[in-house]
Amino acid sequence: MKLSEIPKEELELMGYDDIAAVILQESGKKMKLQDIFKKVCKALDLPDSVVEDQLMDFFELMSINKKFIMLKNGYWDLQTRHKLDIVIEDEEEDEEELEIEDEEIEDIEEPEEDDIFYDKDDETEDVDDDDLADLVVIDSEDEANM
């Protein structure tokens, strides 16, 4: 659908990102973000000051929308026009690298660390004294008679 064919009332109900998708689809080529937003504002008959005031909000909207992709040099386009380059590495190579790394780790001798919870300066011995041996129990009646 062409932008010129969409009624003004329907355009006003559409989001900026939806209008941008129509603009990019219609143009058939990548465009700079500011140029896209200028066309969105023109389609909605918004003043030029809106472009300056809301350009960063439009950038955020385009960034989070999966329909669009940001290209080199500030160009934007529809995601559907671009394929993603996915590189799948051979698992056997990865396993060999891991085995080598494991062997290297085993060869490394770790220095013995001091026990951080043991205080060498505190060499006191624990003595099994009966702390209750010196304790005297006084009956309250005996105390009253004294």
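Computed from a predicted model, the values in this text were never measured in an experiment. (Residues numbered from 1 in each chain as written. Predicted model: local features only at pLDDT ≥ 70, side-chain atom pairs only at ≥ 80, totals over all residues. Heavy atoms only, no water.)

## Focus on the pattern of salt bridges
Moving on, step 1. If you walk through the whole model with that rule in mind, you get four salt bridges.
Moving on, step 2. The salt bridge partner of Lys67 is Asp18, with a shortest N-O separation of 2.9 Å. With Lys67 in the loop between α4 (48-64) and β2 (68-70) and Asp18 in helix α2 (residues 16-27), the pair connects residues that are 49 residues apart, well separated along the chain.
Moving on, step 3. On the basis of relative accessible area, Lys67 is assigned to the partly exposed category, the value being 37%.
Moving on, step 4. The exposure class of Asp18 is partly exposed, given its relative accessible area of 28%.
Moving on, step 5. Each of Lys8, Glu12 and Asp45 takes part in a single network of salt bridges with overlapping partners. (Salt bridge = Lys/Arg side-chain N within 4 Å of Asp/Glu carboxyl O. Helix = DSSP H or I, 4+ residues; strand = E, 2+ residues; numbered from the N terminus. Buried < 20%, exposed > 50% of the residue type's maximum accessible area, 1.4 Å probe, protein only.)

## Overview of the environment of Ala20
Moving on, step 1. Checked against the element boundaries, Ala20 lands in helix α2.
Moving on, step 2. Note: C-alpha distance between Ala20 and Phe37 (17 residues apart in sequence) is 7.3 Å.
Moving on, step 3. Among all residues touching Ala20, those that are not within four sequence positions of it are Ile36, Val40, Phe58, Met62 and Phe68. (Contact = heavy atoms within 4.5 Å.)

## Some thoughts on the sheet that holds strand β1 (residues 31-32)
Moving on, step 1. Strand order in this open sheet of three strands is β1-β3-β2, and the pairing throughout is antiparallel. Unpaired on one side and paired on the other, β1 and β2 mark the two borders of the sheet.
Moving on, step 2. Inspection of the sheet shows β2 paired to strand β3 (residues 75-78) by three bridges, in the antiparallel sense. Each bridged residue has a counterpart across the sheet, and for Ile69 the counterpart in β3 is Asp77.
Moving on, step 3. Against the sheet, α2 makes contact with β1, β2 and β3, and its axis sits at roughly 90 degrees relative to β3, the strand it touches most. (Pairing = 2+ DSSP bridges. Axes fitted to C-alpha atoms, helices over the stretch in contact; angles between N-to-C directions.)

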